[in-house]
Amino acid sequence: MSQNHTKKDVSTKTRRAIIDLLKQQGGMDVMALSSQFSLSGMAIRQHLNDLKEEGLVTNKEESRPMGRPTKLWILTPAADRFFPSGYSDLSISLINSMKEAFGNEGLDKLLAVRNKNMQEQYLQHLGDTADVRVKLEKLAEIRTNEGYMAEVKEQDDGSLLFIEKHCPICEAAAVCTGLCKNELHLFKTVLGNNVHIERGEYILAGGRNCVYTVRQNKLLF
């Protein structure tokens, strides 16, 4: 293998790694990216400029308390092609066909069956634990395997954030809102009655992630 070909492979892998990191972390500046890859700022800028030419990243300025604004690099919608899409074209076609064949009521029944099957699978994976944090970590594992890039973060007030950084069924959900409605119901069911969960940030509403705030209900004696 030629030296030029090897360098090209390394550059391609680095750019893909940058895309993955920006998907995980959101906007990052050159210095933060450099520290993650042990590369010089100049090398990172070259990769970012190459990605920008391909239409995969763009940048925006963010004000800082001191000094000049910082340029943050973020992914464009075109970068979604690197992440699971959930066979969106086929899904949309099937949803439209089901609406035509069975009407909205029939589609709702089919979604209810899907939700029930997912509920059984999730409950089996979550097991008998009563610890909300453990439940959420297991749920994040399931959802990540399904392409949602999920993680759990604890907030200062003790509540937990369940964050999904990618939606592999986003295009299908845009034409079938029942998918997202059922998703929230699914989470409430598998987490149990002692847990309160509400969705804040929402990808379909323009958010970068789908974010759920989770709190354990206080028991009253």
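Check the entry above for the structure.
These remarks concern the structure in this document. (Residues numbered from 1 in each chain as written. Predicted model: local features only at pLDDT ≥ 70, side-chain atom pairs only at ≥ 80, totals over all residues. Heavy atoms only, no water.)

Quick look at the sheet that holds strand 6 (residues 210–216) now. Taken in spatial order, the four strands of this open sheet run 3-4-6-5, and their pairing is antiparallel. Edge positions in the sheet fall to strand 3 (150–154) and strand 5 (195–199), since each of these pairs with one other strand and no more. Averaged over all adjacent pairs, the angle separating strand axes in this sheet is 25°, with direction ignored. Pairing analysis gives five bridges linking strand 5 to strand 6, with the strands arranged antiparallel. Note on strand 6: the bridge partner recorded for E198 is T213. Strands in contact with helix 7 (residues 178–191) are strand 4 (160–164), strand 5 and strand 6; relative to strand 5, the strand with the most contacts, it is inclined by about 160°. (Pairing = 2+ DSSP bridges. Helix = DSSP H or I, 4+ residues; strand = E, 2+ residues; numbered from the N terminus. Axes fitted to C-alpha atoms, helices over the stretch in contact; angles between N-to-C directions. Contact = heavy atoms within 4.5 Å.)

Within the structure shown, the criterion is met by zero disulfides. Here C210 is not disulfide-linked; the sulfur of C167 is the nearest cysteine sulfur, at 6.0 Å. (Disulfide = S-S within 2.5 Å.)

To continue, consider the side chain of T14. Relative to the helices and strands, T14 is located in helix 1 (residues 3–25). The contact partners of T14, leaving out residues within four places of it in the chain, are F37, L39 and H47.

Right, let's talk about the packing of aromatic side chains for a bit. By the definition in use, this model includes three aromatic pairs. Where F162 meets F187, the ring centres are 5.5 Å apart and the plane angle is 75°; that geometry is what we call edge-to-face. Of this pair, F162 sits in strand 4 while F187 is found in helix 7, placing the two residues 25 residues apart along the sequence. The same class applies to F162 as to F187, namely buried. With centroids separated by 5.1 Å and ring planes inclined at 75°, the aromatic side chains of F187 and Y212 adopt a geometry described as edge-to-face. Of this pair, F187 sits in helix 7 while Y212 sits in strand 6, placing them 25 residues apart in sequence. As far as burial versus exposure is concerned, F187 and Y212 are alike and both buried. Members of the aromatic cluster, each reached through a chain of ring pairs, are F162, F187 and Y212. Over the ring of Y148 we find R143; its NZ or CZ atom is 3.7 Å from the centre of that ring. Lying over the aromatic face of Y202, R199 brings its terminal NZ or CZ to 4.4 Å of the ring centre. (Phe/Tyr/Trp six-rings, centres within 6.5 Å; stacked < 30°, edge-to-face > 60°. Buried < 20%, exposed > 50% of the residue type's maximum accessible area, 1.4 Å probe, protein only. Lys NZ or Arg CZ within 6 Å of the ring centre and 35° of its normal.)

With their axes 9 Å apart at the nearest point, helix 2 (residues 30–37) and helix 3 (residues 41–53) run at an angle of 105° to one another. As judged from the angle between their axes, helix 2 and helix 3 are roughly perpendicular. Residues V30, L33, S34 and F37 of helix 2 form the contact with helix 3, whose own contacting residues are G41, I44, R45 and L48. Looking at the contact of helix 2 with helix 3 residue by residue, the classes come out as five nonpolar, two polar and one charged. (Parallel < 35°, antiparallel > 145°, perpendicular 65-115°, else oblique. Nonpolar A, V, L, I, M, F, W, Y, C, P; charged D, E, K, R; others polar.)

So, about the pattern of salt bridges. A full pass over the atoms with the stated rule returns 14 salt bridges. A salt bridge links D80 to K23; the shortest N-O distance between them is 3.5 Å. In this pair, D80 is assigned in the loop between strand 2 (70–75) and helix 4 (88–126) and K23 in helix 1, connecting sequence segments 57 residues apart. Across the salt bridge formed by E137 and R133, the nearest N and O atoms sit 3.0 Å from each other. Of this pair, E137 and R133 both sit in helix 5 (residues 132–145), four residues apart, which is roughly one turn of that helix. Accessibility expressed as a relative area gives 29% for R133, which makes it partly exposed. Residues joined in a network through salt bridges with shared partners are R143, E146, E164, E183 and R199. (Salt bridge = Lys/Arg side-chain N within 4 Å of Asp/Glu carboxyl O.)

Okay, unusual backbone geometry next. Here the phi dihedral of S38 falls at roughly 55°; this positive angle occurs in a residue that is not glycine. Within the fold, S38 resides in the loop between helix 2 and helix 3. The exposure class assigned to S38 is exposed, which follows from its relative accessible area of 68%. The backbone phi angle of M149 is positive, close to 50°, even though this residue is not glycine. Relative to the helices and strands, M149 is located in the loop between helix 5 and strand 3.

Taken by themselves, the reported measurements are silent on function.
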